[in-house]
There are 2 protein chains.
Amino acid sequence: MKRNIMMIIEYSGTNFFGWQKQTGKRTVQGELEEKISKMLNASCKVEGCGRTDRGVHAKNYVATVVIERNIPLTNFKNALNKLLSDDVVVKKVKEVPLDFHPRFSAKRKTYEYIVDVSKTRSAINHNLVTHWTEQVDMERMVKAGQILVGEHNFKAFCSSHTNVTDFNRTIYEISVKKVGKFIKFEITGNGFLYNMVRIIVGTLLQIDKVKEENIVKALKSGDRSLLGKTMPPNGLYLKKVEYV
Amino acid sequence: MKRNIMMIIEYSGTNFFGWQKQTGKRTVQGELEEKISKMLNASCKVEGCGRTDRGVHAKNYVATVVIERNIPLTNFKNALNKLLSDDVVVKKVKEVPLDFHPRFSAKRKTYEYIVDVSKTRSAINHNLVTHWTEQVDMERMVKAGQILVGEHNFKAFCSSHTNVTDFNRTIYEISVKKVGKFIKFEITGNGFLYNMVRIIVGTLLQIDKVKEENIVKALKSGDRSLLGKTMPPNGLYLKKVEYV
């Protein structure tokens, strides 16, 4: 009997070429399919909740795999975790209906971006946070973030390397908080365009230069050049995917 | 005029073959000598406060380099940090007397070891902490640690791969603390033998199996087999070196 197994996965993106399977490259999807196939001695296809780029991390990535074995879920999880490398781990497993798809069924996604504003960059955390030395204005960032909340055409917040034609997305929430020597951005939306989170964070960090009126203009015109820089992938985490 | 420049350095040990220079291998000492030589256009020799193994991190490693240039210290530091890779950074520089040696002048060293006792290992932090699933007894660990404080022959706490003949060392302080899902060990001594911290931590974590009386016996007999396992290098940090 076919069973659809949902996996909540944590991975460090540093040594992966992103989520999506690519011939000859180490990817999270590729690694999962390889190890699950090996474990069950049957080929399998792992579906994911979306692409993540090279270097981007995930705290709770959602993926599914359809299996035909009667293996208890705890054994499935423990055996798989023994086969997986140190930089990827299955945190939870759960059986879900066969028509559940981690991407098409997703209602909300939350990304986190961590910026280190210490004077000197950290060597130990260099893969996990992005160092930022330009002056930042917390209050202005918090306010400017609110311009983006709601449904908008986010074409300006999208890298040109995309096949997407519908740029309308809804952002439910943006929070910007100072936690010790870090600034943590958390953005929840119904979906995100390519590099959208990284451009939002770069734009808020550079708000003194970008100015609020240009965010408004960019949402209308789709003009990428009005906004701030695209932040690097380290520092970016897929934090949560919600389905109801 | 010759100037002895002290550098306080942070590095992630993950992608280094330890501190000490080795032909054809990436080491912290090798990388520093290469970049400083390049920057000053003159060969140089970097002295360190001791070896660290492959995979061991440092928060405040102390090194020195003798230079003959009149470059301001801030420029030295900033220019060097631009040349260094992301996983090593100079946090502070200071001019010290020519006879100061980071290893021979050191009085106390403090190491930290971080153990993750979560049920599921962390993929994102896999290089920075060591996952531990065996049962631990905090109170018993704290007490057993005190057996080691003072001057002892630590031969039993030393890996056999060593040229050392004097195994006497003084431990000034051992602390074991639970911080969230982590156990943090901090050990201060006048010097450490090869793998000494990693064997102390393994012995305390396995104290239920090892038993206190065997620690006492091991200090007398030098018998390594009475003690716990040697912990892996990830999780270990050189935290501080003191000179007065």
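Only a predicted model underlies this, so the values are computations on that prediction, with no experimental measurement involved. (Residues numbered from 1 in each chain as written. Chains lettered and ligands numbered in written order. Predicted model: local features only at pLDDT ≥ 70, side-chain atom pairs only at ≥ 80, totals over all residues. Heavy atoms only, no water.)

S.K.: Just checking my understanding: could you explain helix α3 (residues 138-148) of chain A for this structure?
M.R.: Side chains of residues three or four places apart in an α-helix project in the same direction, reflecting 3.6 residues per turn. All names here are of chain A. Residues of α3 that are buried include every one of Met141, Ala144, Gly145 and Leu148, and no others. Taken around the axis of α3, the buried residues stretch over an arc of 110 degrees, which confines them to a single face. Facing away from the buried side of α3, by more than 90 degrees, are the exposed residues Glu139 and Lys143. Looking at the packing, one finds that the buried side of α3 touches β7 (150-153), β8 (168-179), β9 (182-189), α4 (196-205), α5 (207-210) and α6 (212-221). The first or second residue beyond α3 is Gly150, which carries a positive phi of 115 degrees. (Buried < 20%, exposed > 50% of the residue type's maximum accessible area, 1.4 Å probe, protein only. Helix = DSSP H or I, 4+ residues; strand = E, 2+ residues; numbered from the N terminus. Arc of directions from axis to C-beta. Contact = heavy atoms within 4.5 Å.)

S.K.: Which parts of the structure should I look at to understand the packing of aromatic side chains?
M.R.: Two descriptors summarise a pair of aromatic rings, namely the distance from one centre to the other and the angle between the planes of the rings. Residue and element names in this part refer to chain A. Tallying each qualifying case throughout the model produces 12 aromatic pairs over all chains. A ring pair is formed by Trp19 and Tyr61, whose centres lie 4.2 Å apart and whose planes are at 25 degrees; its orientation type is stacked. Residue Trp19 is located in the loop between β1 (3-11) and α1 (28-40), and its partner Tyr61 is located in strand β3 (residues 57-67); the two are separated by 42 residues in the primary sequence. A relative accessible area of 3% means that Trp19 is categorised as buried. By relative accessible area, Tyr61 is classed as buried at 0%. (Phe/Tyr/Trp six-rings, centres within 6.5 Å; stacked < 30°, edge-to-face > 60°.)

S.K.: Looking at this model, I keep getting lost on the packing of helix α1 (residues 28-40) of chain B against helix α2 (residues 73-83) of chain B. Mind explaining?
M.R.: Each pair of packed helices gets described by two things: the angle between the helix axes and the distance between those axes. Residue and element names in this part refer to chain B. Packing of α1 against α2 brings their axes to within 10 Å, and their N-to-C directions diverge by 120 degrees. Of the possible angle classes, the one that applies to α1 and α2 is oblique. For the crossing formed where α1 meets α2, the hand is right-handed. Across the interface between the two elements, Leu32, Lys35, Ile36, Lys38, Met39 and Leu40 from α1 touch Phe76, Ala79, Leu80 and Leu83 from α2. Here the residues of the contact of α1 with α2 are counted per class, giving 8 nonpolar, no polar and 2 charged. (Axes fitted to C-alpha atoms, helices over the stretch in contact; angles between N-to-C directions. Parallel < 35°, antiparallel > 145°, perpendicular 65-115°, else oblique. Left-handed = near helix turned anticlockwise from the far one by under 90°. Nonpolar A, V, L, I, M, F, W, Y, C, P; charged D, E, K, R; others polar.)

S.K.: Before we go on, may I ask you to explain the pairing of strand β10 (residues 236-242) of chain B in this structure?
M.R.: Consecutive side chains along a regular strand alternate between the two faces of the sheet. All names here are of chain B. Across 2 bridges, the pairing between strand β3 (residues 57-67) and β10 is parallel. Of the residues in β10, the one forming a bridge with Ala58 is Leu238. As paired strands, strand β5 (residues 108-116) and β10 are joined by 6 bridges and run antiparallel to one another. Across the sheet, Lys109 pairs through a bridge with Val241, a residue of β10. (Pairing = 2+ DSSP bridges.)

S.K.: In this structure, what is going on with the domain arrangement of chain A? I would like to understand it.
M.R.: Frequently, the measure chosen for interface size is the accessible area that the parts lose on association. All names here are of chain A. In terms of domain boundaries, chain A breaks down into domain 1 (3-96) and domain 2 (108-242). For domain 1 versus domain 2, the separation of C-alpha centres amounts to 28 Å. Counting from both sides, the interface comprises 14 residues of domain 1 and, opposite them, 16 residues of domain 2. Overall, the association of domain 1 and domain 2 removes approximately 1200 Å² of surface from exposure, summing both partners, and the carbon and sulfur fraction of that is 55%. Inspection of the region where domain 1 meets domain 2 yields 2 salt bridges. Close ionic contact of Asp53 with Arg198 constitutes a salt bridge, the shortest N to O distance being 3.1 Å. At the boundary of domain 1 and domain 2, one finds 9 residue pairs in polar contact (both at pLDDT 80 or more). Class assignment of the residues belonging to the side of domain 1 that touches domain 2 gives a composition of 5 nonpolar, 5 polar and 4 charged. (Domains from an automatic or database assignment. Buried area = accessible area lost by both parts, 1.4 Å probe. Salt bridge = Lys/Arg side-chain N within 4 Å of Asp/Glu carboxyl O. Polar contact = N/O pair within 3.5 Å; in protein donor to acceptor, adjacent residues only side chain to side chain.)

S.K.: In this structure, what is going on with the state of the cysteines? I would like to understand it.
M.R.: A covalent bond between the sulfur atoms of two cysteines is what we call a disulfide. All names here are of chain A. Counted according to the given criterion, the structure contains 0 disulfides over all chains. Here Cys44 is not disulfide-linked; the sulfur of Cys49 is the nearest cysteine sulfur, at 17 Å. When its relative accessible area of 17% is taken as the criterion, Cys44 is described as buried. With relative accessibility at 1%, the residue Cys49 sits in the buried group. (Disulfide = S-S within 2.5 Å.)

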